[in-house]
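This is what each chain is made of:
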Amino acid sequence: MEPAVRGISAAPSEVSCDLLIVPVFEDDSLADLAGLDEAAGGEVGRARASREFRPKPNELFVTRLAGGQWQAARVGLVGLGAAGTDGEAHLRAAAARALRAARQQRAQTVAFLLRGAIDAERAARAVTEGVLLGSFDDRRFKTDDEDAAPRVLRCDIVCPGAAAAEVQRAVEVGRTLGEASNRARELANAPGNLLTPRAFADQARALLADTGVAVEILDETAIERLGMGLLLGVARGSAEPPRLIVMRHEPPGAPASPVLGLVGKGVTFDSGGVSLKPADGMEWMKDDMAGGAAVVCAMRAIGGLGLGTRVIGIVPATENMPGGRATKPGDVLTGASGTTVEVVNTDAEGRLILGDALWYARELGATHLVDVATLTGACVVALGKAASGLFGQPQSWVGAVQRAGERAGERVWPMPLYEDYREQLRSETADLMNIGGREAGACTAAAFLRVFAGDTPWAHLDIAGTAWASDSRAGQAKGATGVMARTLVELASASESW
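Residues numbered from 1 in each chain as written. Predicted model: local features only at pLDDT ≥ 70, side-chain atom pairs only at ≥ 80, totals over all residues. Heavy atoms only, no water.

*Asks:* How would you summarise the packing of aromatic side chains if you had to cite specific residues and measurements?
*Replies:* Applying the stated criterion to the full structure yields four aromatic pairs. Consider the rings of Trp 397 and Trp 498, whose centres lie 5.1 Å apart with planes at 80°: the pair is edge-to-face. Of this pair, Trp 397 sits in helix 12 (residues 395-408) while Trp 498 sits in the segment after helix 15 (485-493), and the two are 101 residues apart along the sequence. For Trp 397, a relative accessible area of 3% gives the class buried. Under the relative-accessibility criterion, Trp 498 is labelled partly exposed at 25%. (Phe/Tyr/Trp six-rings, centres within 6.5 Å; stacked < 30°, edge-to-face > 60°. Helix = DSSP H or I, 4+ residues; strand = E, 2+ residues; numbered from the N terminus. Buried < 20%, exposed > 50% of the residue type's maximum accessible area, 1.4 Å probe, protein only.)

*Asks:* Tell me about the sheet that holds strand 6 (residues 154-158), residues and numbers included.
*Replies:* The sheet built from six strands is open, its strands ordered 1-6-5-2-4-3 with mixed pairing. Taken across any chain shown, the strands that pair with only one partner, and hence form the sheet edges, are strand 1 (4-8) and strand 3 (60-64). Taken pair by pair, the neighbouring strands of this sheet meet at an average axis angle of 20°, ignoring direction. The pairing of strand 3 with strand 4 (residues 74-81) spans five bridges and is classified as antiparallel. Paired with Val 62 across the strands is Gly 76, a residue of strand 4. Where helix 5 (residues 164-189) meets the sheet, its contacts fall on strand 1 and strand 6, and the angle it forms with strand 1 comes to roughly 155°. (Pairing = 2+ DSSP bridges. Axes fitted to C-alpha atoms, helices over the stretch in contact; angles between N-to-C directions. Contact = heavy atoms within 4.5 Å.)

*Asks:* Go over the nonpolar core with me, naming the residues and quoting the values.
*Replies:* By size, the foremost hydrophobic cluster in this structure holds 54 residues, and its most contacted members are Phe 200, Met 247, Leu 262, Met 299 and Val 370. In terms of residue count, the dominant contributor to this core is helix 9 (residues 290-305) (ten residues). When residues no more than four places from it in sequence are discounted, the contact partners of Leu 262 are Val 295, Met 299, Ile 302, Val 311, Ile 312, Gly 313, Ile 314, Val 370 and Leu 488. Leu 218, Leu 231, Ala 361 and Leu 425 belong to the second largest nonpolar core, which has 48 residues in total. (Core = buried A, V, L, I, M, F, W, Y, C linked by side-chain atoms within 4.5 Å.)

Shown next, in the form of structure tokens:
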């Protein structure tokens, strides 16, 4: 459960809490915080002079306040780096770092002081997102919570001199976005035996209740009626039937165009099928629906914020298993678009189900497309865990998606989509193969999807490296990251700039 977050306008010394977080820039004299060092018994000045605390990103120093007029029990200095560089991103990360530290400090009430030249509303929104991201602790499947740190119950965003109502509105937007990421993390963290395609569809319906977003769940019969042979081909090897989750945000008075189509890969467990994956690390394949989780939770936020753009969300949900009816290497599948695909490797299943889903998004009227998928290990080799791969057409649309990622604090990096990659997919048997060999694996996967996007403005986000954190970091718990949920909302909110 996330803490209650509110924006307040108060002098820093008057804020009563267990822990007051003070962001500190490089070359920051703290001149606006008169009496703080005295209240800390000189510990703030000592830590800075000795370089025990340096105002670099992720640096944190906590000490007690026991004197003067300050009402907080402890103060935490958190580093932001140089002033004026990526201010919102640094604030978001600092807030997440501070909230994780606050739990270890057993602080149940926290306040985060906004200071510096950044716009108060943008800062409050970024900090609120960070507070929620840093508070995330998924213990749903643990029966022993003895070692769990207590949760932070409340966090005040302190904006001295700012209009409290405007700051509170920014806090509410930040909370909606932070919750979207956290709900996506919960979905991707869920084990495959509990989050089956049918359970995924049920949870999507529950998450979108009361948001105004219409939800339609298509079962295997309806999927077959649409001719989605690529999705059905992947699903054949599993005892669990597939589902197609279709979500529509159609606000009253919205223009007929543009219509944003969001498509997310929803493989709730990926064994690799007949082209079986190695056993080592296969347990992580429960998160192969992280793209679908991002789309569902972005639609939740889009509806909750009442954005004025029409948005369609589609998530093809299935398992990829090596059952007796499973698709075999060399089989030919026919998609709903009529395109035939020779399946060379059944572990390249994500692009198959996305192909049918992209076609369907266009059939439903999407004028602009984005798909999100944990698609290729090759993208991890190329970019590591530092950024998601971005492919697409035309360049103007790719740029719009990249800018949305920057605003959301989720890095994306443009990758090439040359015609050469399409040539690697040439098949002697069908229209194309589902894999183009070892070379440029992320690029050939994107080239495959491009066939189903047609001439529609389209972007593909490969989140294979960014969807899962293998280890806890300063502001990130181990496990699913919820990546791209906020980016998709940012994109939908900026339709006038497409």
